[in-house]
Amino acid sequence: MKLAVVVLVLLLVAPRAWALNEDSQGEAARLCVEQGLERSSPGFSACVADTARALGSGNPATARQQARAAVDADRVCRSYGIAQDTLNFRQCLANELERAAAR
């Protein structure tokens, strides 16, 4: 009986959670692009993940800040002349995003 209740709850709740996640992901991608990040940028997926997490938590202002930080990190790393398809570029992005979060 308990298993049937758990299954029923999962069937009712999971589709809504998935839809919210898809909505958050789409909105996050839009925000990242709107802030100036190219979809082909190595930092795009991280931008979408961080921004979607903030949107999913109901923090649109934080989501916009996350997207802006990703764009800023991308620009800084590009200014160093690091090839975008390298681990060094990804590490640079991580370092810059960590600095932004510490501010």
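About the thresholds
- Residues numbered from 1 in each chain as written.
- Predicted model: local features only at pLDDT ≥ 70, side-chain atom pairs only at ≥ 80, totals over all residues.
- Heavy atoms only, no water.
- Helix = DSSP H or I, 4+ residues; strand = E, 2+ residues; numbered from the N terminus.
- Expected span 1.5 Å × (residues − 1).
- Buried < 20%, exposed > 50% of the residue type's maximum accessible area, 1.4 Å probe, protein only.
- Arc of directions from axis to C-beta.
- Disulfide = S-S within 2.5 Å.
- 1 Å grid on protein atoms, 1.4 Å probe; cavity = no way out; pocket = protein on both sides within 12 Å on 5 of 7 lines; lining within 4 Å.
- Points joined across faces, edges and corners; volume = space filled by probe spheres on them.
- Nonpolar A, V, L, I, M, F, W, Y, C, P; charged D, E, K, R; others polar.
- Salt bridge = Lys/Arg side-chain N within 4 Å of Asp/Glu carboxyl O.

Trainee: Describe in detail helix H2 (residues 44–56), supporting the description with residues and values.
Mentor: For H2, with 13 residues, the first-to-last C-alpha span of 18 Å sits near the 18 Å given by 1.5 Å per residue. Taken together, the buried positions of H2 are Phe 44, Cys 47, Val 48, Thr 51, Ala 52, Ala 54 and Leu 55. In an axial view of H2, the angular spread of the buried residues amounts to 160 degrees, which keeps them on one side of the axis. Away from its buried face, by an angle of more than 90 degrees, H2 presents the exposed residues Ser 45 and Arg 53.

Trainee: Before we move on, can you summarise the state of the cysteines with the specific residues and values?
Mentor: Considering all chains together, one arrives at two disulfides under this definition. Disulfide partner of Cys 32: Cys 47, at an S-S distance of 2.0 Å. Looking down the S-S bond of the Cys 32 and Cys 47 bridge, the torsion is -100 degrees, so its handedness is left-handed. Of the two residues, Cys 32 sits in helix H1 (residues 2–34) while Cys 47 sits in helix H2, which places them 15 residues apart along the sequence. Across the pair, exposure class does not vary: Cys 32 and Cys 47 are buried alike. At a sulfur-sulfur separation of 2.1 Å, the disulfide partner of Cys 77 is Cys 92. Disulfide Cys 77 to Cys 92: torsion about the S-S bond roughly -95 degrees, handedness left-handed. Highlighted residues: Cys 77 in helix H3 (residues 60–79) and Cys 92 in helix H4 (residues 87–102), separated in sequence by 15 residues.

Trainee: Give me the layout of surface pockets: which residues, what numbers.
Mentor: In this structure, the largest pocket encloses a volume near 250 Å³. Contributing to the lining of the largest pocket are 13 residues, with Gln 65, Ala 69, Leu 97, Ala 100 and Ala 101 lying nearest its centre. Per-element accounting of the lining of the largest pocket gives the leading share, seven residues, to H3. Classifying every residue of the lining of the largest pocket gives six nonpolar, three polar and four charged.

Trainee: Can you tell me about the pattern of salt bridges, naming the residues and giving the values?
Mentor: According to the stated counting rule, one finds eight salt bridges in the structure shown. Linking Glu 27 and Arg 30 is a salt bridge whose minimum nitrogen-to-oxygen distance equals 2.5 Å. With a gap of three residues between them, Glu 27 and Arg 30 both fall in helix H1, about one helical turn apart. When its relative accessible area of 36% is taken as the criterion, Arg 30 is described as partly exposed. A salt bridge links Arg 78 to Glu 38, with the shortest nitrogen-to-oxygen separation between them at 4.0 Å. Residue Arg 78 is found in helix H3, and its partner Glu 38 is found in the loop between H1 and H2; the two are separated by 40 residues along the sequence. Owing to a relative accessible area of 32%, Arg 78 belongs among the partly exposed residues under this scheme. Taken together, the shared-partner salt bridges in this structure form one network comprising Glu 27, Arg 30, Glu 34 and Arg 64.

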